[in-house]
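# Coordinate inspection notes
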Amino acid sequence: MTYLDEILKFRRDTRHFTSDEVPDAVIKKALQAGHWAPSVGLTDATKYYLIKSAEIKKAIKNLFLDYDEKAVSLTNNEQQKLAYKALKLEAIEEAPLGLVICYDRSVLNNFTIGTVGSNESVKFSSVCAAQNIWLSLTEQGYSMGWVSILNYYQFKQLLGLPENIEPLGYFCVGKPATDYDNQPMLQQLNWKQKQEIPLVEEISVLHESKVEKVCFDFKKEIDAAAFANALQHKIDQKTKPTGSLGILEVLAKQIGMVFQTLEPKITKPNLVVFAADHGIANHGVSAYPQDVTRQMVSNFLTGGAAINVFCKQNKIELAIVDAGVNYDFPMNTNLISAKIGKGTHSFLQGPAMSKTEVELCFIKGSEIVSTIAEAGSNCIGFGEMGIGNTATASVLMSIILELPIEDCVGKGAGVNEEQFIRKIEILKKCLANYNGSEDLDSKLAYFGGFEIMQMVGGMLQAKESNMLILVDGFICSVAFLIAFKKNPSIIKNAIFCHSSAEQGHQKILDYFGVRSLLQLDLRLGEGTGCAIAFPIIESAVAFLNEMTSFEIAGVSGR
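To start, this report covers the structure provided alongside it. The model shown is predicted, which means the values in this text are computed figures rather than measured ones.

### Re the environment of Met-353
Here Met-353 shows up in the loop between strand S7 (336-337) and helix H12 (355-374). Taking the C-alpha atoms as reference points, Met-353 and Val-173, 180 residues apart in sequence, are found 41 Å from one another. Sequence-distant contacts of Met-353, defined by excluding residues within four places in its chain, comprise Thr-344, Val-358, Ala-445, Tyr-446, Gly-448, Gly-449, Phe-450 and Met-453.

Here it is, written out as structure tokens:
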């Protein structure tokens, strides 16, 4: 065994340290080793921060403890829960030195060799640097422990890191107090055994990459004039002045027409939140860093978001879809995986996605909704989550409705006036840079978002399955606008649940000539408007089915 082999074999993710200080020469040599690591396109995107302050270490430890409680709740059984709690997973306060290894995603603002296939290649470079640092410390008789059980958004705030700097985690550095019997600590404690040899498999068969264009079998609309008259007669004969229930009467007639019955029923209502990341977010068009998408999806999965509360309140089945979040979620989460990629590319520099990826989105969205319809649901709401997706939706709206981008752009969540002006200027530049084909599908690929296109496929499938389609705010309405361009008859199934505070939303509603159910100045997304409006929709069905007629009640209709 060579000396290098020994260093590789005996490197440990260390959680037990002596109190010995780490000499400057040791950390300097280790960081130089990190700098020698592969760097995609020679971006030099890796940054390092040293932490010696006891106050800062304590604050980071508290962050760990908060998220560690969430990790405990994800264990599979009580025995595993107890075993997990017994593990020592960090040495934040004990280790003499803290190291934060970060990557600078602002390098993606310009063309960089090696990042076209994946924006995450910049992060991969920093991981290589972390490994080099680890090996250098091991060779010098020191070690490191990686702490990743943190709320990264709060972690960045605590350290005052700029929006474009993304940490891999917190690394504890010092002289190891144990060699863990020369084996990984988790293996020493019988948590899990590491395999003796690597998993290797040769691929010798070339598999064809083929995406068939999705086709929706839209049913021919029947002549429904006579049935519409029968529905209207039933509504008018209820014990009330004609039209006195206002929008509820319009809703009742629409729902009866969709289901082609005088006694419609809503069965197994569902709401699906599609989540994805956007390359355009790297250019400061949002008030929040891209990692918030991942954080909010985790929040959905643990039941802590607004949409969870409102769906639970109104007995709506909720599903969360990973359409393209820049993160790998654990396999044991209650998440529908429909990931097309880890976020789109920035359309400031080129196409956000390919036409093949757009077709994949349509297929994925269609399959998800088809499964829900086959389970007996006839009412589905759509929601979304994705940092930067108001920028994407604004550009798509501008293209489809042929409006100036200034008339379409909204502030999104939390953007101040200065950021808003910058957002408009960036999106103007994006539109000016476009030199592709003028057909809609080419533009959808160039400027689209994974979650938006999956909603389009889902909405078109909902129409084919003859479901009520509940449309949320601005971004969902842009998805519906695209679906409408594909099949204009979809408007008959749509209920627009609220008027968003985003300026472009009202223009879309005006384009359709429709009135939303609620005006609450919502701008959250997630499908919250659908969930909040659902009781009103149920009220429309209830009065149509249960309210007495003048004849039965013996009340004069005049």
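From this point on, the discussion continues.
### A word on the nonpolar core
Core analysis: the biggest nonpolar cluster contains 72 residues, and Ile-280, Phe-347, Phe-382, Phe-447, Ile-452, Met-453 and Phe-480 have the highest contact counts within it. At ten residues, the largest contribution of residues to this core is made by helix H17 (residues 474-486). Dropping the residues within four chain positions of it, Phe-347 is found in contact with Ile-280, Ala-352, Thr-392, Val-395, Leu-427, Cys-430, Tyr-446 and Phe-447. By size, the runner-up hydrophobic cluster in this structure holds 42 residues, among which are Leu-231, Ile-235, Phe-259 and Leu-468.

### Quick word on the packing of helix H1 (residues 3-10) against helix H5 (residues 121-139)
Running from N to C, H1 and H5 point in directions that differ by 110°, and their axes come no closer than 9 Å. Comparing their axes, H5 and H1 come out roughly perpendicular. From H1, Tyr-3, Ile-7, Leu-8 and Phe-10 reach across to H5, where they touch Leu-135, Thr-138 and Glu-139. The residue makeup of the contact of H1 with H5, split by class, is five nonpolar, one polar and one charged.

### Digging into the side chain of Gln-254
Within the fold, Gln-254 resides in helix H9 (residues 247-259). From its side chain, Gln-254 meets the backbone oxygen of Lys-492 in a polar contact 3.1 Å long. Not counting residues up to four positions away in its chain, the partners in contact with Gln-254 are Ile-491, Lys-492, Asn-493, Ala-494 and Ile-495.

What counts, and at which threshold
Residues numbered from 1 in each chain as written. Predicted model: local features only at pLDDT ≥ 70, side-chain atom pairs only at ≥ 80, totals over all residues. Heavy atoms only, no water. Helix = DSSP H or I, 4+ residues; strand = E, 2+ residues; numbered from the N terminus. Contact = heavy atoms within 4.5 Å. Core = buried A, V, L, I, M, F, W, Y, C linked by side-chain atoms within 4.5 Å. Buried < 20%, exposed > 50% of the residue type's maximum accessible area, 1.4 Å probe, protein only. Axes fitted to C-alpha atoms, helices over the stretch in contact; angles between N-to-C directions. Parallel < 35°, antiparallel > 145°, perpendicular 65-115°, else oblique. Nonpolar A, V, L, I, M, F, W, Y, C, P; charged D, E, K, R; others polar. Polar contact = N/O pair within 3.5 Å; in protein donor to acceptor, adjacent residues only side chain to side chain.

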